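Residue-level listing of the chains:
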Amino acid sequence: MNVAKKLIAPLSVLTPRCFAIARFAITRFAITRLAITRLAFAAIVLFCAAAANGELLFISDQTIQSHAAELKTRIAQRDSQGYLVPSQQQRADFRSLANELWNASSIADLQGLTSDAEAIGYDVLSLTAGDDTYFGLQESNTIAQPKGWGSFLLRQGAAGNALIEVAHPLADINTLEISAQAFADSDSRGFLIAGAHRNANGQDTADVAHLDESIFQEVHQSFAENAAEVSVWQIHGFDIDIHPELPNYSDAIVSAGTGDVTEILFGLDQRIDDLEGDWDSFSFNTLDVDDPLNVATNGDIAGNTFSSLAATTNIQQLHTTSIGGQFVHIELEQSFRIDGGESARQLIAQTIADSISSSTNAIPEPGSFVFVGLLSGIFAIRRRRVH
């Protein structure tokens, strides 16, 4: 065994990145005098020892969908007592870490986050899937007691600043899978996945959509406030059998949480209604029943009919709206999530992705309200049909 091989062998226990650096440097220096090689060896060992304080994971053998499926296995289950309520200091530390992740643009930047991440039980990762690279934070699977705080990804070089959020990845069946595909197929910037069942410690104890002191909310605020013109897309699920106030053929309820029919909300509603297969979307709004926008999205049904699924008290909605961003709350019935099978899930995921990526969704201008009025009869008939 030559000098270089003798020096490289002990480094094989180091992290992959440190080992790669060590192998390159030692092989390079080994052509010079042995004394210089030994100095290089000592320097690299010191560097790697410092870097070993935090772990940087490199993932290149997964898609976003398969990565999400793996993360799902780590989510704290219902009644597991697996959700740790974060302290004020832990929330502040994570907020700072999320800000640094947003600003990271290189592997060197990521490496700089590892020590802080390790201090709160998290790994920093670089994931390559297809042509895209993602930087992220996920709970380390080596810690003795997981906290159930969630996992977070940022697409590098994204054209827009859309965030996709999954607040109830277990309770709302298949919303994680649908969200993962929508994230992969759109040009969204961020992907936020809650780390615990909403009832992990009891009824709604980990419902991050309604907890203002969660790590999920800290990351949401960090990403949303760092973004310019942010739009937040949060995907949920409902069962029509426990919502008798709704039309019994409802497949999706979309809402901005404010009572308005926003541009992107209108566009998404229309895309769902136009899908092949007789799908019906409605929008929560506080407009008059005969307002052209209500007619266009709900026919002759009042928009406040859908108030039970409106996200009016959703914490992420309240924050997004307060900073001038746009919030899109999407409630999907079991028809999309379960009954329609994989084809229906792929269909709605692609529809959401197209809505996120599209720049052509438009609310009719006031001058075109006459045209919408002419369509109102068609929409009303469409909504009244028996399913």
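Since the model is a prediction, treat every value here as computed from it, not as a measurement.

A. Representation of unusual backbone geometry. Although it is not a glycine, Asp79 adopts a positive phi angle of roughly 55 degrees. Within the secondary structure layout, Asp79 lies in the loop between helix 4 (64-72) and helix 5 (88-103). Despite not being glycine, Asp278 shows a phi value in the positive range, around 65 degrees.

B. Examining empty space enclosed by the protein more closely. Scanning the entire structure with this criterion turns up two cavities of 30 Å³ or more. A volume near 50 Å³ is recorded for the largest cavity. Lining of the largest cavity is provided by Tyr83, Gly148, Trp149, Ala194, Gly195, Ala196, Ala206, Val208, Ser214, Ile215 and Phe216. Looking at the lining of the largest cavity residue by residue, the class counts come to eight nonpolar, three polar and no charged.

C. Here's a closer look at the nonpolar core. Judged by nonpolar contacts, the single largest core of 41 residues is most densely connected at Phe191, Trp233, Phe336 and Ile352. Aside from chain neighbours lying at most four places away, what touches Phe336 is Asp251, Ala252, Ile272, Leu275, Trp279, Gly341, Ala344, Arg345 and Ile348. In this structure, Ala98, Trp102, Trp149 and Phe223 belong to the second largest nonpolar core, which totals 39 residues.

D. Here's a closer look at the pattern of salt bridges. Under the defined criterion, the tally for this structure stands at ten salt bridges. Salt-bridge contacts for Glu225 lead to Arg95; the nearest nitrogen and oxygen are separated by 2.9 Å. In this pair, Glu225 is assigned in helix 9 (residues 215-226) and Arg95 in helix 5, connecting sequence segments 130 residues apart. The exposure class of Glu225 is partly exposed, given its relative accessible area of 43%. Salt bridges sharing common partners tie together Arg91, Arg95, Glu218 and Glu225.

E. Up close: the packing of helix 9 against helix 12 (residues 315-322). The N-to-C vectors of helix 9 and helix 12 enclose an angle of 20 degrees; their axes lie 11 Å apart at closest approach. Between helix 9 and helix 12, the crossing angle belongs to the class labelled roughly parallel. By crossing handedness, the relation of helix 9 to helix 12 is classed as right-handed. Between helix 9, through Phe216, Gln217, His220, Gln221, Ala224 and Glu225, and helix 12, the contact on the second element is made entirely by Ile315, Gln316, His319 and Thr320. When grouped by side-chain class, the residues that make up the contact of helix 9 with helix 12 number three nonpolar, six polar and one charged.

Rules behind the numbers
- Residues numbered from 1 in each chain as written.
- Predicted model: local features only at pLDDT ≥ 70, side-chain atom pairs only at ≥ 80, totals over all residues.
- Heavy atoms only, no water.
- Helix = DSSP H or I, 4+ residues; strand = E, 2+ residues; numbered from the N terminus.
- 1 Å grid on protein atoms, 1.4 Å probe; cavity = no way out; pocket = protein on both sides within 12 Å on 5 of 7 lines; lining within 4 Å.
- Points joined across faces, edges and corners; volume = space filled by probe spheres on them.
- Nonpolar A, V, L, I, M, F, W, Y, C, P; charged D, E, K, R; others polar.
- Core = buried A, V, L, I, M, F, W, Y, C linked by side-chain atoms within 4.5 Å.
- Buried < 20%, exposed > 50% of the residue type's maximum accessible area, 1.4 Å probe, protein only.
- Contact = heavy atoms within 4.5 Å.
- Salt bridge = Lys/Arg side-chain N within 4 Å of Asp/Glu carboxyl O.
- Axes fitted to C-alpha atoms, helices over the stretch in contact; angles between N-to-C directions.
- Parallel < 35°, antiparallel > 145°, perpendicular 65-115°, else oblique.
- Left-handed = near helix turned anticlockwise from the far one by under 90°.

Function cannot be inferred from these measures alone, as they are strictly geometric.
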